[in-house]
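The lines below spell out each chain.
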Amino acid sequence: MSLTAGIVGLPNVGKSTLFNAITKQKILAANYPFATIDPNVGVVVVPDERLNYLKEMYHPKSFVPTTFEFTDIAGLVKGASEGEGLGNKFLSHIREVDAICEVVRCFEDENVTHVEGGVDPIRDISIINVELILADLEVIENRLNRLGKRVKQTNNKEEKKEVDLLTRMKDALQKEIPIRALSLDEEEVRIVKSFQLLTMKPIIYMANISEEEIGNEENKYVKVVREYASKENAEVIVLCAKIEEELSELTDEDRSLFLADLGIEESGLDQLIKATYSLLGLATYFTAGEDEVRAWTFKRGMKAPACAGIIHTDFERGFIRAEIMGFEDLKTCGSEKAVREAGKMRLEGKEYEMQDGDICHFRFNV
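Residues numbered from 1 in each chain as written. Predicted model: local features only at pLDDT ≥ 70, side-chain atom pairs only at ≥ 80, totals over all residues. Heavy atoms only, no water.

Moving on, we get to the nonpolar core. Within the largest apolar cluster, 59 residues are counted, with the highest numbers of intra-cluster contacts made by L18, F68, F70, Y205 and L272. If you look at the next biggest cluster of nonpolar residues, it comprises 19 residues, including A172, L173, I179 and L197. (Core = buried A, V, L, I, M, F, W, Y, C linked by side-chain atoms within 4.5 Å. Buried < 20%, exposed > 50% of the residue type's maximum accessible area, 1.4 Å probe, protein only.)

Turning our eyes to something else, we now look at the packing of aromatic side chains. Overall, the coordinates contain nine aromatic pairs when judged by the stated rule. One aromatic cluster is present, built from ring pairs that chain together Y285, W296, F298, F319 and F362. Cation over ring: K55 sits above F63, and NZ or CZ is 4.5 Å from the ring centre. One residue, R294, lies across the ring of W296, its end atom 4.1 Å from the ring centre. (Phe/Tyr/Trp six-rings, centres within 6.5 Å; stacked < 30°, edge-to-face > 60°. Lys NZ or Arg CZ within 6 Å of the ring centre and 35° of its normal.)

All of the buried residues along helix 2 (residues 49-58) are R50, L51, L54 and Y58. Looking straight down helix 2, one finds that the buried residues subtend no more than 100° of arc, so they occupy a single side. Away from the buried face of helix 2 by more than 90 degrees, exposed residues E49 and E56 are located. Just downstream of helix 2, H59 is the residue with a positive phi angle, here 45°. (Helix = DSSP H or I, 4+ residues; strand = E, 2+ residues; numbered from the N terminus. Arc of directions from axis to C-beta.)

Our focus in this paragraph is the pairing of strand 7 (residues 235-239). Of all five residues in strand 7, four are buried; the element is thus mostly enclosed. Sheet analysis places strand 6 (residues 203-208) next to strand 7, joined by five bridges and oriented parallel. Looking across to strand 7, one finds that Y205 is bridged to V236. (Pairing = 2+ DSSP bridges.)

For N12, which is not glycine, the phi torsion reads 65° and is therefore positive. Mapping N12 onto the fold places it in the loop between strand 1 (4-8) and helix 1 (15-23). Its relative accessible area of 13% is what places N12 among the buried residues. A positive phi angle, near 50°, is found at Q196, a position not held by glycine. Its location among the elements puts Q196 in the loop between helix 6 (186-193) and strand 6.

The final tally for this structure, using the stated rule, is 21 salt bridges. The shortest N-O distance in the salt bridge between R168 and E188 comes to 3.3 Å. Taken together, the residues R168 in helix 5 (residues 157-174) and E188 in helix 6 connect sequence positions 20 residues apart. We note a salt bridge from E187 to R190, for which the minimum N-O separation is 2.5 Å. (Salt bridge = Lys/Arg side-chain N within 4 Å of Asp/Glu carboxyl O.)

For the rest of this paragraph, the subject is the environment of N52. Residue position: N52 is located in helix 2. A sequence separation of 13 residues divides N52 from P65, and the C-alpha atoms of the two residues are 9.2 Å apart.

As for its placement among the helices and strands, L262 is situated in helix 9 (residues 252-262). Not counting residues up to four positions away in its chain, the partners in contact with L262 are I214 and I243. (Contact = heavy atoms within 4.5 Å.)

Right, let's talk about helix 6 for a bit. For helix 6, every residue scored as buried is listed here: E188, I191 and V192. One side of helix 6 carries all its buried residues, which in axial view fall inside an arc of 100°. For helix 6, exposure combined with an orientation more than 90 degrees from the buried face picks out E186 and K193. Each element contacted by the buried residues of helix 6 is listed here: helix 5. Where helix 6 begins, the capping side chain belongs to D185, and its oxygen is found 3.2 Å from the backbone nitrogen of E187. (Polar contact = N/O pair within 3.5 Å; in protein donor to acceptor, adjacent residues only side chain to side chain.)

Here the focus is the sheet that holds strand 1. Read across the sheet, six strands follow the order 2-4-1-5-6-7 without closing on themselves; strand pairing throughout is mixed. Lying at the two open borders of the sheet, with one neighbouring strand each, are strand 2 (40-45) and strand 7. Averaged over neighbouring strand pairs, the angle between their axes works out to 25° when direction is ignored. Each of strand 5 (99-105), strand 6 and strand 7 is contacted by helix 7 (residues 220-230), which is oriented at about 160° to strand 7, the strand it contacts most. Contacting strand 1, strand 2, strand 4 (67-72), strand 5, strand 6 and strand 7, helix 10 (residues 268-279) runs over the sheet at an angle of about 160° to strand 7. (Axes fitted to C-alpha atoms, helices over the stretch in contact; angles between N-to-C directions.)

Here it is, written out as structure tokens:
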């Protein structure tokens, strides 16, 4: 699965520091706008305790977790849609990602400048959202201008349907309502996809707090971000980018101890990776044996042959059936043999829709 989540935010909100932690790469993270100009892409491992359990059970020669990509996109500023800062370039980079992770500054620090002069997370969110809305409006208005005149002459039903949808979207955007907040049917979603609209992309907000406020749910800035996000049913992940970067430098054992000292069960980054993975509609199935235990990413709704094709195209082309057991059944029964004896090993055909946590053996013939 080649889906990508883009990390966006105003300059100096902790975006590049967070990206350093995510990918353990040392990209430039400086205290001035536009420290990041070209998008940096990093592959992250999706944390999954199920995979660790399978590793302990099978003791494989090879162990492969599943991954996906994050892209660090340079900081947006007011006027980006009109080319301010490096606006047009940044907006084109956002257009290329499948989901948006927006970093919002929720801490005060006189040593870290704010491009807008002070900390106000809702203002910051609004600045970015307005720029994305303006960019989408330009796309929609251009399409309406071209299509509207033709529809008046031809009265083509399909094109009229598109004009009606475009008009509805234009009205929403002018009220600062993102396209993802509209109720669209399958046909409308298909039409919208061709426009690559920025406000159609699903979003997660990341509230970046100070080290001193880790574990403090009473942060006034985090509260207002949660209230804002709830209006569009978006998730909020609270983290401290600086601490996450420190955690990324530690061994697994030291990392666990550090988290325990902080009174945290799971790092903010692990929460973010899992939340983004889910936001993109991704899920995981496993192949397991003495040679290899491996996690495979698939898009929810995919059927067994297509999932088999992720391993190799021959698996999909010659698919016969899949032998499947659920992870929870394996964990409960304790072994493959016990799963079989309990009658929980299944043979599934071409119409089977793969489920998260399925452990599979594909049978095929080419």
